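If you want the building blocks of each chain, they are given just below.
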Amino acid sequence: MDKTGIERRVADQVRVVLPTRPVGEATLEQLQDWLKSTFRGENQMAGFRAQVLAEMTRRDGTHLTENNLREKGLRPRRKARSEVETAVELEELPEISEGLRKGQIPYDNARILAEANQRGEIDETELVDKARTQSPDKFAGTVRRYEQQRSEDDGMSRLEHQRSRRFAKIRTAKDDGMTVLYGRFDPITGALLETALSQKIVELWREEDPGARRTPGRRMADALAQLVTREETDEDGGRVRGPRLLLIADYDVVSRELRNGRLGDGTPIPVEEIRDLACQSDILPAIFKGVSQPLDLGRSRRTASPAQRVALVARDKACVGCGATSNWCQAHHIIPWAAQGNTDIDDMVLLCSRCHHKVHDDHWVVRRKPSGNYHLKPPPKNDRPTSARRNPKYRNRRSPIKQRK
């Protein structure tokens, strides 16, 4: 009998063995034991999944493994990426990995240690006992203090370390479509940001009607928005252009009115808002397939023109591979320029840097659906990288992922 077929059927039949007694008939002590068992089982499954993900990454590379996790585990893109990165890093932490597989260490604690090991090699033997006994909130503080103690005592060295860990992110919340901005900064930069915000907040507070004041949170949001989006002036007091926002609307020739107002990613906005913004900004008409904005440039230039960029955002809205916002995307030639590809609108798509690497380094290809939309397709199995070392993400790691014998 086919052994592979047997293994597949066994995998399909894996189930968690649960108590047969109804929960309502159990004693309080039994309920507490059952609850403890669920935690242990959850940790064991997470440990086994981490092993599976690390092995899949070794064989297929990071991008395909993340895609697999997103499709089969219905994981969001960021969570899938985090799980794969944690799984790979845990291979360098055998004691933590073993504790996770035995159900003794929570997955969140293992993830915290994996992230710390990415920032700088740690001695897991000093932390493994605390990883077994502390909650993730407390353990995160323990690891943070451990990292600080291992760094040099000199204040400048610590500041440099903090600056090396700075980051900021901006994303769109899936539940309500709001934009979420957050970040971490070293103390000096943080103090400068706080000072600038505080001054702007006081300025807004003084301008407000005392009988209709904003909440502190809304006032801070408005202060941050004004500081970031304000227009600058040059030394002579002249106007320097601020950020340019791409707005798209259809023009009804019959009624001579704008309709269907939207942002570049397709988010609908009221047409009245477009009219208000039009009074404050320059208007750049984009006439698709018309004579005033040529969208097919052939071999006359290698990079997309501003008009083509507008058209690509209007058509693709985001990265055709992962959905990353168009602000982070580049115009990619479907037929490479070096292979005599043209800089034409139908031969270009929006790709973020990460998906661009998929195409150029991992042999993914751009395909067009019957609907006209573009998407990325993974390479055939016999053309996939045989090791995660082929992936640019791992070229600068402290040590390559070892091939299992």
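No experiment lies behind these values; they were computed from the predicted model shown.

Thresholds, definitions, all that
- Residues numbered from 1 in each chain as written.
- Predicted model: local features only at pLDDT ≥ 70, side-chain atom pairs only at ≥ 80, totals over all residues.
- Heavy atoms only, no water.
- Helix = DSSP H or I, 4+ residues; strand = E, 2+ residues; numbered from the N terminus.
- Expected span 1.5 Å × (residues − 1).
- Buried < 20%, exposed > 50% of the residue type's maximum accessible area, 1.4 Å probe, protein only.
- Contact = heavy atoms within 4.5 Å.
- 1 Å grid on protein atoms, 1.4 Å probe; cavity = no way out; pocket = protein on both sides within 12 Å on 5 of 7 lines; lining within 4 Å.
- Points joined across faces, edges and corners; volume = space filled by probe spheres on them.
- Nonpolar A, V, L, I, M, F, W, Y, C, P; charged D, E, K, R; others polar.
- Disulfide = S-S within 2.5 Å.
- pLDDT = per-residue confidence, 0-100.
- Salt bridge = Lys/Arg side-chain N within 4 Å of Asp/Glu carboxyl O.
- Pairing = 2+ DSSP bridges.
- Patch = residues over 30% accessible without salt bridge, like charges linked within 9 Å, V, L, I, M, F, W, Y side chains within 5 Å.
- Areas by Shrake-Rupley, 256 points an atom, 1.4 Å probe, with all protein chains shown as cover.
- Lys, Arg positive; Asp, Glu negative; His and termini not counted.
- Charge placed at Lys NZ, Arg CZ, Asp CG, Glu CD.
- Polar contact = N/O pair within 3.5 Å; in protein donor to acceptor, adjacent residues only side chain to side chain.
- Core = buried A, V, L, I, M, F, W, Y, C linked by side-chain atoms within 4.5 Å.
- Phe/Tyr/Trp six-rings, centres within 6.5 Å; stacked < 30°, edge-to-face > 60°.
- Lys NZ or Arg CZ within 6 Å of the ring centre and 35° of its normal.
- Axes fitted to C-alpha atoms, helices over the stretch in contact; angles between N-to-C directions.
- Parallel < 35°, antiparallel > 145°, perpendicular 65-115°, else oblique.
- Left-handed = near helix turned anticlockwise from the far one by under 90°.

Undergrad: Just to check I follow, could you spell out helix H3 (residues 62-73) for this structure?
TA: Turn by turn, an α-helix covers 3.6 residues, leaving residues three or four places apart pointing in a common direction. The end-to-end C-alpha distance of H3, which contains twelve residues, comes to 16 Å, matching closely the 16 Å that a straight helix rising 1.5 Å per residue would cover. Residues Thr62, His63, Leu64, Thr65, Glu66, Asn67 and Leu69 constitute the buried set of H3. Next to the buried residues of H3 lie helix H2 (28-60), helix H4 (77-90) and helix H14 (353-362). Leu74 sits one or two positions beyond H3 and adopts a positive phi of about 55°.

Undergrad: How should I be thinking about empty space enclosed by the protein in this particular structure?
TA: Gaps left between atoms show up when a probe the size of a water molecule is rolled over them. For the structure shown, the criterion picks out three cavities of 30 Å³ or more. Roughly 70 Å³ of internal volume is contained in the largest cavity. Surrounding the largest cavity, Glu66, Asn67, Arg70, Arg77, Arg81, Cys322, Arg354, Cys355 and Lys358 form its lining. For the lining of the largest cavity, the elements supplying multiple residues, two or more each, are H3, H4 and H14. Residues that form the lining of the largest cavity fall into these classes: two nonpolar, one polar and six charged.

Undergrad: Is there a simple way to think about the state of the cysteines in this case?
TA: Linking two cysteines covalently via their sulfur atoms produces the bond known as a disulfide. In total, this model carries zero disulfides according to the counting rule given. Cys319 provides the cysteine sulfur closest to Cys329, a residue in no disulfide bond, and the two sulfurs are 4.8 Å apart. Overall, the relative accessible area of 7% leaves Cys329 in the buried class.

Undergrad: Is there a simple way to think about the confidence of the model for the protein in this case?
TA: Close reading of the predicted structure is inappropriate where its pLDDT is low. Per-residue pLDDT for the protein averages 79, and the proportion of residues at 70 or more is 79%. Considering only residues more than four positions removed or in separate chains, one finds that residues 387-405, a stretch of pLDDT under 50, has 47 contacts.

Undergrad: When you look at the environment of Lys358 in this model, what are you seeing that I'm missing?
TA: Its place among the elements puts Lys358 in helix H14. Those residues in contact with Lys358 that sit more than four places away from it in its chain are His63, Asn67, His363, Trp364 and Leu376.

Undergrad: Looking at this structure, I do not really get the pattern of salt bridges. What am I missing?
TA: Here the idea is simple: oppositely charged side chains can pair when their charged atoms come close. Summed over all chains, the structure comprises 18 salt bridges. For the salt bridge of Arg59 with Glu55, the shortest nitrogen-to-oxygen distance reads 2.8 Å. Of the two residues, Arg59 and Glu55 both sit in helix H2, four residues apart, roughly one turn of that helix. With a relative accessible area of 55%, Arg59 lands in the exposed category.

Undergrad: Can you walk me through the pairing of strand E9 (residues 365-368) in this structure?
TA: Working note: regular strand, side chains alternate between the two faces of the sheet. Of the strand pairs in this sheet, E9 and strand E10 (residues 374-377) are connected by four bridges, and their pairing is antiparallel. Along E10, the bridge assignment pairs Val365 with Lys377. What sits between the antiparallel neighbours E9 and E10 is a turn of five residues, in which Gly372 has the positive phi angle 100°.

Undergrad: Would you take a moment to explain a positive patch on the surface for this structure?
TA: A cluster of like positive charges, contributed by Arg78, Lys169, Arg171 and Lys174, occupies part of the molecular surface. The topology assignment puts Arg78 in helix H4. Judged by its relative accessible area of 41%, Arg78 falls in the partly exposed class.

Undergrad: I'm lost on the side chain of Glu55 in this one. Help?
TA: Assessed through its relative accessible area of 14%, Glu55 is described here as buried. There is a polar contact of 2.5 Å between the side chain of Glu55 and the side chain of Arg58.

Undergrad: Which parts of the structure should I look at to understand the nonpolar core?
TA: Soluble globular proteins: nonpolar side chains tend toward being buried together. Counting 26 residues, the largest nonpolar core has Leu90, Ile96, Leu113, Ile122 and Phe139 as its most contacted members. Mapped onto this core, the elements with two or more residues apiece are H2, H4, helix H5 (94-101), helix H6 (107-119), helix H7 (128-133) and helix H8 (136-150). Element by element, the count of residues in this core is highest for H6, at six residues. If you look at the next biggest cluster of nonpolar residues, it comprises 21 residues, including Val320, Ile345, Val349 and Trp364.

Undergrad: Explain the packing of aromatic side chains to me, please; I cannot follow it from the model alone.
TA: Following the criterion strictly, the structure yields zero aromatic pairs and no others. In this structure, Lys358 packs its charged tip against the face of Trp364, placed 4.5 Å from the ring centre.

Undergrad: Just checking my understanding: could you explain the packing of H2 against H3 for this structure?
TA: Helix-helix packing is described using two parameters, namely the angle between the two axes and the distance between the axes. As a packed pair, H2 and H3 sit with axes 7 Å apart at the nearest point and diverge in direction by 135°. One finds that H2 runs oblique with respect to H3. In this structure, H2 meets H3 at a crossing whose hand is right-handed. Where H2 abuts H3, its residues Leu53, Met56, Thr57 and Asp60 lie against Thr62, Leu64, Thr65, Asn68 and Leu69. Residue composition of the contact of H2 with H3, grouped by class: four nonpolar, four polar and one charged.

Undergrad: What is the right way to look at a nonpolar patch on the surface in this model?
TA: On the surface, Ile170, Leu181, Leu224, Val228 and Trp328 cluster together into a nonpolar patch covering about 510 Å² of accessible area. In this structure, Trp328 sits in the loop between helix H13 (306-316) and strand E7 (329-333). Judged by relative accessible area, which is 53%, Trp328 ranks as exposed.

Undergrad: So what exactly am I meant to see when it comes to the environment of Ser97 here?
TA: Locating Ser97 in the fold gives a position in helix H5. You can call Ser97 buried: its relative accessible area is 9%. Expressed as a C-alpha distance, the spacing of Ser97 and Tyr107, which sit ten residues apart in the sequence, is 9.5 Å. For Ser97, the side chain forms a polar contact with the main-chain oxygen of Leu90, separated by 2.7 Å.

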